[in-house]
Structure formats: C-alpha cells, structure tokens
Amino acid sequence: KPITIASALESGAVSEDDSFYCDGGEQVTDTFIRCDVYPGAHGMETLEDVLKNSCNDALMAIGAKMGISDFIKYQSLFNFGSKTGIDLPEEIAGIVYDQKGMNEVELATCTFGQGFTCTMIQEINAMCSVINGGSYYQPHLVSEIKDSSGSTVKKFDPILMKQTVSSEISADIR
C-alpha cells in the first residue's frame, strides 16, 4: 500500500493534498470489491489516513487515477515480476499482470497487494527503497564474510540499482 501511494505521488496521479472517500467498497465493472472494514466505512480520508487505515477503497481510487499503464510501469520499477539478484539459489520472479492481461478489476485489487505474487525479498527491497530516499539496492544475504580470526575475507558493498521515487516522496511516505 505504501508502494502504491508512493508510485501515485511520483507519477503525479495524486498529490499530498488529495482526499478520498471510503464508503466500504467499490463497484468495479461487474465486481464489488470490499474495504477491510466492510460493511463499515472509513469516510473521508487524507493520504496519511489511507495508509494509517490500510484502506482498500481509497487505494482502488488511487489506482484508477494512476491507470493501468502507470501502475504496471511502477510495479516494474519496484522490481515486482523480476528477480532481485540476491545471492541465494532458486530465486523466482513472481507473477504480475502485463498491459494485455490487466483490466480494471485486476488494477483495483493489485493496488492493495492482491492479484499478483512476489517474494518477501522483492517486497522488503521495494519497501526499503520507498523509505530510504528512493534508492533500490541489490539485496545480499550477508554484508561481509570473516575468517576464524575475525578478519574480513570478503565484503559486499551496496550496489545501487535504480531510483524508484524521489527523496521528497520517500520522506512523505516515511
């Protein structure tokens, strides 16, 4: 959810001053998708409230403002659907929708984290980039290897892969 909001802010689809109304859910084409408080509602919310309340209804509205193309672009930028390159065997990429496969219902559910698969490493790395200033680093299992006397045998320096969001957007989400 923070990743969706950061993406929407970065793309210009929403601004810090926007507010959203949660009435418990959204009718998206032929599907009613509930907020987690359904049949209740959060009411009028700022972006901060949307995060605080973990509001699916507002996130669906944010995703609709972004649109499918921008949502997919930011999903890719945050490395969902791709291997991270972590130094562990058998890493998988996860499964995300492409432009052809995503429709309004899929967009709505993906905005709050359902409808696609990712690894915990992908999720952790994406969240770290959202809150650390927008820097996406290649993950490593260890930062250094030491011998039995405590001397460093090998050190793994951080490798900056890309910038996901601006430092200003990162500060807002943080």
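Residues numbered from 1 in each chain as written. Predicted model: local features only at pLDDT ≥ 70, side-chain atom pairs only at ≥ 80, totals over all residues. Heavy atoms only, no water.

*Asks:* Looking at this structure, how should I read helix H3 (residues 56-77)?
*Replies:* Because the α-helix completes a turn every 3.6 residues, residues three or four places apart line up on one side. For H3, built from 22 residues, the straight-helix expectation of 32 Å at 1.5 Å per residue is missed by more than 12%, its first-to-last C-alpha distance being only 22 Å. A positive backbone phi angle near 75° is found at Asn79, which sits one or two residues after H3. (Helix = DSSP H or I, 4+ residues; strand = E, 2+ residues; numbered from the N terminus. Expected span 1.5 Å × (residues − 1).)

*Asks:* It is not clear to me how the nonpolar core should be interpreted in this structure. Could you clarify?
*Replies:* A general trend in soluble globular proteins is that nonpolar side chains are found buried together. The biggest cluster of nonpolar side chains holds 36 residues, and the ones touching the most others in it are Ile5, Val50, Ile62 and Phe78. If you list the elements that add at least two residues to this core, you get helix H1 (2-11), strand S1 (19-22), helix H2 (47-53), H3, helix H4 (104-111), helix H5 (120-131) and helix H6 (167-173). Filtering out sequence-adjacent residues up to four positions away, Phe78 remains in contact with Ile3, Ser7, Ala126, Ser129, Val130, Tyr136, Thr164 and Val165. (Core = buried A, V, L, I, M, F, W, Y, C linked by side-chain atoms within 4.5 Å. Buried < 20%, exposed > 50% of the residue type's maximum accessible area, 1.4 Å probe, protein only. Contact = heavy atoms within 4.5 Å.)

*Asks:* How should I be thinking about the pairing of strand S2 (residues 25-28) in this particular structure?
*Replies:* Looking along a regular strand, one sees the side chains alternate between the two faces of the sheet. When S2 meets strand S3 (residues 31-34), the two strands line up antiparallel, connected through four bridges. Across the sheet, the residue bridging to Val28 is Thr31, located in S3. Hairpin connection of S2 to S3: two residues between the antiparallel strands, including Thr29 at a positive phi of 50°. (Pairing = 2+ DSSP bridges.)

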